[in-house]
Protein chains: 2
Amino acid sequence: MHIILLSGGSGKRLWPLSNDTRSKQFIKIFKRPEDSAPLGKDENSEYESMVQRVYRQIRTVDPDATVTIATSKSQVSSIHSQLGTNVTISVEPYRRDTFPAIALATAYLHDILKVPENEAVVVCPVDPYVENSYFTCLQEMCLKAEKKDGLVLMGITPTYPSEKYGYILAREDENGNSIIKFKEKPDAQTAKKYIEEGCLWNGGVFAYKLSYVLGKSRELIGTDSYYELYANYDKLKKISFDYAVVENESHLSIVRYHGEWKDLGTWNTLTEAMEENAVGDVRMNDKCENVHVINEMGVPLLVMGCRDIVVSASPEGILVSDMEQSSYIKPYVDDIKQRIMFAEKSWGRYRVLDVEEQSMTVKVTLNPGHKMNYHSHERRDEIWTVISGSGRTIVDGMEQPVKPGDVVTMAAGCKHTVIAGSKGLQMIEVQLGKDINVSDKKKYEFPYK
Amino acid sequence: MHIILLSGGSGKRLWPLSNDTRSKQFIKIFKRPEDSAPLGKDENSEYESMVQRVYRQIRTVDPDATVTIATSKSQVSSIHSQLGTNVTISVEPYRRDTFPAIALATAYLHDILKVPENEAVVVCPVDPYVENSYFTCLQEMCLKAEKKDGLVLMGITPTYPSEKYGYILAREDENGNSIIKFKEKPDAQTAKKYIEEGCLWNGGVFAYKLSYVLGKSRELIGTDSYYELYANYDKLKKISFDYAVVENESHLSIVRYHGEWKDLGTWNTLTEAMEENAVGDVRMNDKCENVHVINEMGVPLLVMGCRDIVVSASPEGILVSDMEQSSYIKPYVDDIKQRIMFAEKSWGRYRVLDVEEQSMTVKVTLNPGHKMNYHSHERRDEIWTVISGSGRTIVDGMEQPVKPGDVVTMAAGCKHTVIAGSKGLQMIEVQLGKDINVSDKKKYEFPYK
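What you see is a predicted model, and the numbers here were worked out from it, not measured in a lab.

Basis of the calculations
Position numbers for residues count from 1 along each chain, tracking the sequence in the order it is written. Numbering of ligands from 1 and lettering of chains from A proceed in the order in which they are written. Where local features are concerned, this predicted model is filtered to residues with pLDDT of at least 70; where side-chain atom pairs are given and counted, the filter is 80 or more; whole-chain, interface and lining totals use all residues. Processing note: side-chain calculations cover all non-hydrogen atoms of the structure and skip hydrogens and water entirely. Under the DSSP-based scheme used, a helix requires at least four consecutive residues in state H or I and a strand at least two consecutive residues in state E, with every element numbered from the N terminus. What the globule rule says is 2.2 Å times the number of residues to the power 0.38, and the radius of gyration is computed from C-alpha atoms. Accessibility here uses a 1.4 Å probe with only protein chains present; expressed as a share of the type maximum, an area under 20% marks a residue as buried, one over 50% as exposed, and anything in between as partly exposed. Every accessible area reported is derived by Shrake-Rupley at a probe size of 1.4 Å, with residue values counting cover from the shown protein chains alone. Working convention for charge: Lys and Arg count positive, Asp and Glu count negative, and His plus the chain ends are omitted. Where a charge lies is defined by one atom per residue type: Lys uses NZ, Arg uses CZ, Asp uses CG and Glu uses CD. Salt bridges are defined as contacts in which a side-chain nitrogen from Lys or Arg sits within 4 Å of a carboxyl oxygen from Asp or Glu. Any two residues whose heavy atoms approach within 4.5 Å are treated as being in contact. Accessible surface is computed with a 1.4 Å probe, and the buried area is the amount of it that two parts give up when combined, taken over both parts together. Alignment of copies: least-squares fit on C-alpha atoms of residues with pLDDT of at least 70 in both copies. Two strands are said to pair when DSSP picks up at least two bridges between them. Angles run from 0 to 180 degrees between N-to-C directions of axes, and those axes are lines fitted to C-alpha atoms, restricted for helices to the stretch in contact. Throughout, the term roughly parallel applies to angles under 35 degrees, roughly antiparallel to angles over 145, roughly perpendicular to angles from 65 to 115, and oblique to all others. Crossing handedness: left-handed means the near helix sits turned counterclockwise from the far one by under a right angle, and right-handed means the same turn made clockwise. Following the grouping adopted for this structure description, the nonpolar residues are Ala, Val, Leu, Ile, Met, Phe, Trp, Tyr, Cys and Pro, the charged ones are Asp, Glu, Lys and Arg, and the polar ones are all others, Gly among them. Ring pairs shown here join Phe, Tyr and Trp side chains whose ring centres sit within 6.5 Å, with only the six-membered ring taken for Trp; geometry is labelled stacked below 30 degrees between planes, edge-to-face above 60, and tilted in between. Here, a charge over a ring means that NZ of Lys or CZ of Arg falls within 6 Å of the ring centre while also lying within 35 degrees of the ring normal. Take the residue count of a helix, subtract one, and multiply by 1.5 Å to get its expected span.

Undergrad: Account for the overall build of chain A, naming residues and giving values.
TA: Within chain A, the secondary structure is distributed over 10 helices and 28 strands. For 449 residues, the compact-globule estimate of 2.2 N^0.38 gives 22 Å, and chain A sits close to it at 24 Å. C-alpha extents for chain A along the principal axes are approximately 80 × 60 × 40 Å. Taking all 449 residues of chain A together, 55% fall into the buried category. Counting only carbon and sulfur atoms, one obtains 46% of the accessible surface of chain A, whose full area is about 19,600 Å². Mean positive and mean negative side-chain charge positions of chain A (55 and 63 charges, respectively) differ by 3 Å.

Undergrad: Describe the pattern of salt bridges, with residues and values.
TA: Residues and elements named next belong to chain A. Per the stated rule, a full pass over the model turns up 46 salt bridges over all chains. With its nearest N and O atoms 3.4 Å apart, the salt bridge here joins glutamate 92 to arginine 95. Given the relative accessible area of 4%, glutamate 92 is considered buried.

Undergrad: Describe in detail the interface of chain B and chain A, supporting the description with residues and values.
TA: Every contact between the two is made by 52 residues of chain B and, on the other side, 53 residues of chain A. A buried area of about 4,000 Å², summed over both sides, lies between chain B and chain A, and 69% of it is on carbon and sulfur atoms. It is Leu302, Met304 and Ile318 of chain B in chain B that bury the most area against chain A; as a group they hold 17% of the surface buried on that side. Between arginine 283 of chain A and aspartate 335 of chain B there is a salt bridge; the shortest N-O distance is 3.9 Å.

Undergrad: Go over the relation of the copies chain B and chain A with me, naming the residues and quoting the values.
TA: Between the two copies of the chain lies a relationship made up of a rotation around an axis and a movement along it. For the pair chain B and chain A, the superposition axis carries a translation of 0.0 Å, the fit reaches an RMSD of 0.1 Å, and the rotation angle comes to 180 degrees. The relationship between the two copies is best expressed as a two-fold rotation axis. Closest approach to the rotation axis among the C-alpha atoms of chain B is made by leucine 353 of chain B, whose C-alpha sits 2.9 Å away.

Undergrad: Give a detailed account of the sheet that holds strand E14 (residues 278-279) of chain A, specifying residues and quantitative values.
TA: A sheet is described by the order of its strands in space; here 6 strands give the open sequence E14(A)-E16(A)-E18(A)-E19(A)-E17(B)-E15(B), paired in mixed fashion. Sheet topology places E14 of chain A together with strand E15 (282-284) of chain B at the edges, where each strand pairs with a single neighbour. Pairing of strand E16 (residues 289-295) of chain A with strand E18 (residues 307-314) of chain A, which is carried by 6 bridges, proceeds in the parallel orientation. Along E18 of chain A, the bridge assignment pairs glutamate 289 of chain A with arginine 307 of chain A.

Undergrad: Tell me about the packing of helix H1 (residues 50-61) of chain B against helix H4 (residues 133-147) of chain B, and name the residues and values.
TA: Residue and element names in this part refer to chain B. Running from amino to carboxyl end, H1 crosses H4 at an angle of 60 degrees, the nearest separation of the two axes being 9 Å. In terms of axis orientation, H1 runs oblique to H4. For H1 against H4, the interelement crossing comes out right-handed. Facing Val54, Gln57, Ile58 and Val61 of H1, the residues of H4 in contact are Phe135, Thr136 and Gln139. Looking at the contact of H1 with H4, its residues break down into 4 nonpolar, 3 polar and no charged.

Undergrad: Break down the packing of aromatic side chains for me, citing the residues and quoting the values.
TA: Under the criterion given, the structure shown has 34 aromatic pairs over all chains. Seen from their ring centres, tyrosine 134 of chain B and tyrosine 257 of chain B are 5.2 Å apart, and the 85 degrees between their planes marks the pair as edge-to-face. Remark: tyrosine 257 of chain B occurs in strand E12 (residues 252-257) and tyrosine 134 of chain B occurs in helix H4; sequence separation between them is 123 residues. Accessibility classification places tyrosine 134 of chain B together with tyrosine 257 of chain B in one group, the buried group. Taken together, the ring pairs connect Phe99, Phe206, Tyr208, Tyr212 and Phe241 of chain A into an aromatic cluster. Lying over the aromatic face of tyrosine 444 of chain B, lysine 415 of chain B brings its terminal NZ or CZ to 4.7 Å of the ring centre.

Undergrad: Lay out unusual backbone geometry with the relevant residues and their values.
TA: Residue and element names in this part refer to chain A. Residues tryptophan 15 and proline 16 are joined by a peptide bond in cis, for which omega reads 5 degrees. Within the secondary structure layout, proline 16 lies in the loop between strand E1 (2-6) and strand E2 (28-31). A positive phi angle, close to 60 degrees, is found at lysine 114, a residue other than glycine. Mapped onto the fold, lysine 114 is located in the loop between helix H3 (98-112) and strand E6 (120-125). According to the relative accessible area criterion, lysine 114 is exposed, its value standing at 63%.

Undergrad: Now, about the pairing of strand E27 (residues 416-433) of chain B: what can you tell me, with residues and values included?
TA: All names here are of chain B. Taken across its 18 residues, E27 has 16 buried, putting it largely inside the fold. Relative to E27, strand E22 (residues 359-366) runs antiparallel, the two being bridged by 8 bridges. Considered in E27, the bridge of threonine 361 is made with valine 430. When strand E24 (residues 380-395) meets E27, the two strands line up antiparallel, connected through 14 bridges. Looking at E27, one finds that arginine 392 is bridged to isoleucine 419.

Undergrad: Can you explain the pairing of E16 of chain A? Please cite residues and give values.
TA: All names here are of chain A. Counting buried positions over the 7 residues of E16 gives 5, a clear majority of the element. Note: E14 against E16, 2 bridges, orientation parallel. Residue valine 279 lies in a different strand from E16, and its bridge partner there is isoleucine 294.

Undergrad: Account for the sheet that holds strand E16 (residues 289-295) of chain B, with residues named and values stated.
TA: Reading across from one edge, E15(A)-E17(A)-E19(B)-E18(B)-E16(B)-E14(B) is the order of the 6 strands in this open sheet, with mixed pairing throughout. Every interior strand has two partners, whereas the edge strands, strand E15 (282-284) of chain A together with strand E14 (278-279) of chain B, have only one.

Undergrad: So what's going on with helix H1 (residues 50-61) of chain A? Which residues, and what values?
TA: Residues and elements named next belong to chain A. Compared with the 16 Å implied by 1.5 Å per residue over 12 residues, the 17 Å span of H1 between its first and last C-alpha is a close match. The buried fraction of H1 amounts to 9 of the 12 residues, a majority that puts the element mostly inside the structure. Met50, Val51, Gln52, Arg53, Val54, Tyr55, Arg56, Gln57 and Ile58 are the residues of H1 that are buried.

Encoded structure:
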């Protein structure tokens, strides 16, 4: 099957584990099954993220699936780092809503990956917490979409009268045609009624023949060309696929999914899905009840005599919250003006160790064989001290091999990069200057291969 | 007055704020009164530690008091850092109990500070949480001790039937002589009875003429010479002053103290004494009740909807505990095997930023005009990158001035030091080697003045 995974933006609801470069789908909190191989470039292969879990599940159900991730530029590094480079990415040059994203990704499949327009594709979020049978259901949706026009939707058997989801009422008329009605997120009372009437949760999953969405793009945007969509992406209207397409479509059909389905968007729901109460260096005494802890700091975390709380520590900050209250986190996090303290990059990762008025100290980890962009800074000098591994640096065109203990100094304006050897490379980077800022970066063509 | 402050060992009950080099008395959590001058070399003068609070109170009550702190070598740096270098320290070369410590400090006053033996001295713990009148009471005790033989004790008016303190029953016979009986820590029932009988809390404070303890030293140890006591300190029996002296003494009298008196040895009691619920970068929502937070990490800490808990974060670790449960912390902390992540030194402070298998990265802050020992390491190379301030380094006898951006490399075996200029100096130190260890250090005479 062809599958497009929509990878959404940075949520603040899982602070401090998510930040502008790491969305919730990249947080590693699920115990990876022992019989599965680690994905991407993971040293710590004991846990996997939502995106890794979903990708592994797809591969389990359909080893030949082509997986395309529709997302913004800022997530490309994290995706390559977590899933490796075999996955294809339809990069959204700006953040628009789901209709532009799906139109662009569909054009990408057609124009770049050369998928014929009579083949079907299924679009689903990158982070549902589901059983493998969810992906079998996606296959069924694709098969169905190939056989008929219009859209195939997923209807999920509800397990409780949730107020958080949209509902779908699906009936068949006497000719066997589906009659489908959409219901907005209801209150608990209405939700109960919906369930009694046989409504399903709207899974936000769509399958269609490429030609269908290419047609919608021509009709609503004026083009179905990938390059044109990409070039004019900033001018596209922010509109959801539901609003632009689904609600106006009469050729709809439903495939049902009966298994577990959770949207892990808040600490409350995320911790429910954790197989273990603690991830990282965590100790609890036996008076703790329903305590969930994720500790990404390199120091011990001890919890004593607490109940119904979540504790989460990362280089960005520390959260201690009552489970219920954790849903109201957003305004408090909005209020925190913060430098990004860690990030996954396509070449490895970095972590800010220290910030002073005119300096910043960063630990840089390059994956084996990977390299930084060849770049320079206008307003800061940098000093690298290699602490492990080996590699080569290029500074203003001059190459030299480096090993632990070697120091490389780069004045402002000087072009530089580092290429890790076969065992990777770690170094401490000291940045010195008056206005240290990630945006102070000029990139250059790599001087040679 | 002459005063000896007994500064005890490292408590684990206030983990993660206390460690092997920083005892609870050095944690800065009390709002410093705005009309008082900061002590020692404090940049952050907004808060003061227990030892700073006590020292300030002594100076307020008696600006001419001579203050001697009896403590182990490991605390000398912290004391100088927090109180400056005017305070005198009687260094215990090993940890013994209070009788050897008081004998040594008394001999120090007599032999080194040349205090005549008919003058009185008062000995009290370095960390009581008390009102200024406590120190007026110490003055009274000194005056009383100068006028009579034996020991003067402090009896504190109890405010509740505590099970944590010893009690003193003081009566006068018909000749006006004190009859004093000591009671061990009782259960709550007995404590109530003691209070009804007029018992006082035993403050653990003693005043005496120097000659009195010098006599006890000769009698029980065989010498009252400071140098002999110091040289043979490791052979002295571990015995408390109470057990060795007080309980066998019939010439006892009492001075009463009526004010507030707290032993801030656990999170429970410490947080009660905090004027503010939060120290450091802390945010709480309005659903928090009786939450106390001390955040010494450089990142935001957010607490939502919790009650009756203490949260404490330092470079050593993170604690989240129910108030009551926090008293049982010790065994859990004993179980944590941990490198010391930060320390106050006589010359400034350091903080471990990163630990890898064969490297450690440390941020070093030297106070203005201060210097490290001239030293070398056998099994590690070091690389310094200056990030702020200026100074001079001496490496194998070669001196050079340094400023931000300068890099100094020192191979294993190489002697080195750094001397901060008038604005202090900060640097990032990368240590590289197979067995990085604080004990791998050889000190040398400073090459010149």
